Amino acid sequence: MKNKNKVLFVALVLLSLLFLAPIAIVLINSFKGKFYISEAPFELPNETTFVGLSNYTSGIEKINFPSAFSWSLFITVTSVLVIVFFTSMTAWYIARVKSKFSSVFYYILAFSMIVPFQMVMFTMVKTANMLHLDNPFGIIFIYLGFGAGLSVFMFVGFIKSVPIDIEEAAMIDGCNPLQTFFGIVLPILKPTAITVAILNTMWIWNDYLLPYLLIGIEYKTIPIAIQYLKGGYGSIDMGAMMAMLVLAIIPIIIFYLVCQKYIIEGVVAGAVKG
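Quick caveat, the model's predicted, so the values are computed rather than measured. (Residues numbered from 1 in each chain as written. Predicted model: local features only at pLDDT ≥ 70, side-chain atom pairs only at ≥ 80, totals over all residues. Heavy atoms only, no water.)

### Section: the overall build of the protein chain
Stage number 1. The secondary structure content of the protein chain amounts to 13 helices and zero strands.
Stage number 2. Expressed as lengths along the three principal axes of its C-alpha atoms, the size of the protein chain is roughly 75 × 65 × 30 Å.
Stage number 3. Out of the 274 residues in the protein chain, the part that is buried amounts to 35%.
Stage number 4. Taking the intrachain contacts of the protein chain between residues at least 6 apart in sequence as the baseline, contacts between residues at least 24 apart amount to 72%.
Stage number 5. Carbon together with sulfur atoms contributes 72% to the accessible area of the protein chain, which is approximately 16,500 Å² in total.
Stage number 6. Across the protein chain, the mean location of the 16 positive side-chain charges is 9 Å away from that of the 13 negative side-chain charges. (Helix = DSSP H or I, 4+ residues; strand = E, 2+ residues; numbered from the N terminus. Buried < 20%, exposed > 50% of the residue type's maximum accessible area, 1.4 Å probe, protein only. Contact = heavy atoms within 4.5 Å. Areas by Shrake-Rupley, 256 points an atom, 1.4 Å probe, with all protein chains shown as cover. Lys, Arg positive; Asp, Glu negative; His and termini not counted. Charge placed at Lys NZ, Arg CZ, Asp CG, Glu CD.)

What follows is the structure in structure tokens.
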């Protein structure tokens, strides 16, 4: 048994290194001159290739990083809050109200998870233009539509495992449905809500295609802004691009590390729940 555990440990370490390797390569190359990145992408910076923070300063200036960061932060945070808020209430209704409408609605949301984005891309853009949703505020509702399927699916699965006796006791004490949800159900959903928030944050923060189709270059998010480091005739400032990719990755890593402990606490609490 001990040998099996050692083999499993080694395999997991190797798998972790495999996932971390691309991030390490990007970080290493962000401190190299752009002419040396293609020649020796896997070598550490030396006295010849090391350029300090010049890639970061030039990249921030070229793409107006503060503006791109602000729009990405606004769209991501607002969209995730809207998704968690509305999908948790929807899931609670679906899980507790047994009717044909709730069942059909649940299966429609579940079906939306398997529909490729490319299938609805052009009709979605046309509809968004007609409804004037092609702006940083309107795209939030588009993200709600695309993120609802998986989020509701995860919330429903967790709510079904929660004893309904808790909610019935709250209603006997005089709580209305809104008081029951916000005072009883939502705190119980905290671990799932954080998991949903993490998944949607990573998706929305790194999303390129949807912001590009809807809000274009007028309100550039970080992925769109980084794309504009490509010059004419296929030339790319690889040094600045690597540096901006590092700055784009850092917020997501910090967010995940901060929220990871809450996920673990939620899993442990659910395991010992009677």
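### Topic: the nonpolar core
Stage number 1. Counting 38 residues, the largest nonpolar core has Val 84, Met 124, Val 152, Phe 155, Leu 210 and Leu 214 as its most contacted members.
Stage number 2. When residues of this core are traced back to their parent elements, those giving at least two are α4 (65–96), α5 (100–112), α6 (117–130), α7 (138–159), α9 (177–188), α10 (190–206) and α11 (209–214).
Stage number 3. Considering each element in turn, this core owes the most residues, 11 residues, to α7.
Stage number 4. Look past the residues within four positions of Met 124 in its chain and what remains in contact with it is Phe 117, Ile 142, Phe 146, Leu 210 and Leu 214.
Stage number 5. Among the nonpolar cores identified, the runner-up in size contains 19 residues, and Ala 225, Ala 243, Ala 248 and Ile 252 belong to it. (Core = buried A, V, L, I, M, F, W, Y, C linked by side-chain atoms within 4.5 Å.)

### Considering helix α3 (residues 54–63)
Stage number 1. Here α3 has its buried residues at Asn 55, Tyr 56, Gly 59 and Ile 63. Mapping the buried residues of α3 onto a view down its axis gives an arc of 95 degrees, with all of them on the same face. (Arc of directions from axis to C-beta.)

### As for a nonpolar patch on the surface
Stage number 1. Taken together, the side chains of Phe 111, Met 113, Ile 114, Leu 150, Phe 153, Leu 199 and Met 202 define a hydrophobic patch exposed on the protein surface, amounting to about 650 Å² of accessible area.
Stage number 2. Every element with two or more residues in the nonpolar patch is listed here: α7 and α10.
Stage number 3. Within the secondary structure, Leu 150 is located in helix α7.
Stage number 4. Among the residues examined, Leu 150 registers a relative accessible area of 42% and is labelled partly exposed. (Patch = residues over 30% accessible without salt bridge, like charges linked within 9 Å, V, L, I, M, F, W, Y side chains within 5 Å. Salt bridge = Lys/Arg side-chain N within 4 Å of Asp/Glu carboxyl O.)

### Quick look at the packing of α4 against α5
Stage number 1. Where α4 contacts α5, the axes come no closer than 9 Å and their chain directions differ by 130 degrees. In terms of orientation, α4 and α5 fall into the oblique class. Seen along the crossing, α4 lies across α5 with a hand that is left-handed. Of α5, the residues touching α4 (which contributes Thr 90, Tyr 93 and Ile 94) are Phe 101, Ser 102, Phe 105, Tyr 106 and Leu 109.
Stage number 2. Classifying every residue of the contact of α4 with α5 by side-chain character gives six nonpolar, two polar and no charged. (Axes fitted to C-alpha atoms, helices over the stretch in contact; angles between N-to-C directions. Parallel < 35°, antiparallel > 145°, perpendicular 65-115°, else oblique. Left-handed = near helix turned anticlockwise from the far one by under 90°. Nonpolar A, V, L, I, M, F, W, Y, C, P; charged D, E, K, R; others polar.)

Remember that the coordinates give geometry; whether it matters functionally is a separate question.
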